[in-house]
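Chain by chain, the residues:
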Amino acid sequence: EAQVTQNPRYLITVTGKKLTVTCSQNMNHEYMSWYRQDPGLGLRQIYYSMNVEVTDKGDVPEGYKVSRKEKRNFPLILESPSPNQTSLYFCASSLREAPTDTQYFGPGTRLTVL
Amino acid sequence: AQTVTQSQPEMSVQEAETVTLSCTYDTSESDYYLFWYKQPPSRQMILVIRQEAYKQQNATENRFSVNFQKAAKSFSLKISDSQLGDAAMYFCAYDDYAGGTSYGKLTFGQGTILTVHP
């Protein structure tokens, strides 16, 4: 089954404790992206990657890191989490080919930073 | 920068009735995609419908259709014969593309919570 998976689905942590949220897709998509969802703000892009070893900042990259060593994986790293990073996080992937280009989303990761 | 605005934080509809969700966007580009995503309580983001800006014909998917007004930069979603399973948060989203390849960044609106009454 074609899908984007994220782990963990739920995470409660404390300020300053490094964490990684994994993202994996099995559709051989070139493009992967991370978004955060906050009430009243919709989803905002954190980082994106157009291919292996190619990453760039989105709209809200502060406090986050990413890496793309393999095509299928795109982990999100919070080296020193803070309470303002409490949010719902989504990973997404797509082929980036018109006219069928559509982003497929993972199930989301609910992060709470105390 | 592109912006997407959903001015209706909440909407409600009776089962079997029709409801329209509004979305406006701001862009200086001529080629782009527009989407409506549904987010049920499970939080999964589900693509409802997409519209390519170069197409004048409004997209339809079963009970879902859009009213795309390019000059007005308006992209509303109409849900006909509403069902209880349509209850969800709905997001409007915008995606640039050039030369047939998407940049891949979605810009989302704030979302509209749709309640369906039996």
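Residues numbered from 1 in each chain as written. Chains lettered and ligands numbered in written order. Predicted model: local features only at pLDDT ≥ 70, side-chain atom pairs only at ≥ 80, totals over all residues. Heavy atoms only, no water.

Undergrad: Quick question: what am I supposed to make of the pattern of salt bridges here?
TA: It is possible for side chains of opposite charge to pair when their charged atoms get near one another. Enumeration over the complete set of coordinates arrives at eight salt bridges over all chains. Here Lys 73 of chain B ties to Asp 26 of chain B by a salt bridge, and the two come within 3.7 Å at their closest N and O atoms. Taken together, the residues span a long stretch of sequence, with Lys 73 of chain B in the loop between strand S8 (64-69) and strand S9 (74-79) and Asp 26 of chain B in strand S4 (residues 24-26) at a distance of 47 residues. Judged by relative accessible area, which is 26%, Lys 73 of chain B ranks as partly exposed. Judged by relative accessible area, Asp 26 of chain B falls into the partly exposed class, the value being 41%. Measuring nitrogen to oxygen at the nearest pair gives 3.1 Å for the salt bridge that ties Arg 50 of chain B to Glu 52 of chain B. We note that Arg 50 of chain B, like Glu 52 of chain B, is buried. Taken together, the shared-partner salt bridges connect Lys 18, Lys 65 and Glu 79 of chain A into one network. (Salt bridge = Lys/Arg side-chain N within 4 Å of Asp/Glu carboxyl O. Helix = DSSP H or I, 4+ residues; strand = E, 2+ residues; numbered from the N terminus. Buried < 20%, exposed > 50% of the residue type's maximum accessible area, 1.4 Å probe, protein only.)

Undergrad: Would you explain the packing of aromatic side chains in this entry?
TA: Residue and element names in this part refer to chain B. The tally for this structure, following the rule as stated, stands at 16 aromatic pairs over all chains. A ring pair is formed by Tyr 37 and Phe 108, whose centres lie 6.1 Å apart and whose planes are at 50 degrees; its orientation type is tilted. Here Phe 108 lies in strand S11 (residues 101-108) and Tyr 37 lies in strand S5 (residues 32-39), a separation of 71 residues in the sequence. Residues Tyr 37 and Phe 108 agree in their burial class; the two are buried. Ring plane angle 90 degrees and centroid distance 6.1 Å describe the contact between Phe 91 and Phe 108, whose orientation is recorded as edge-to-face. (Phe/Tyr/Trp six-rings, centres within 6.5 Å; stacked < 30°, edge-to-face > 60°.)

Structural measurements only, silent on function.
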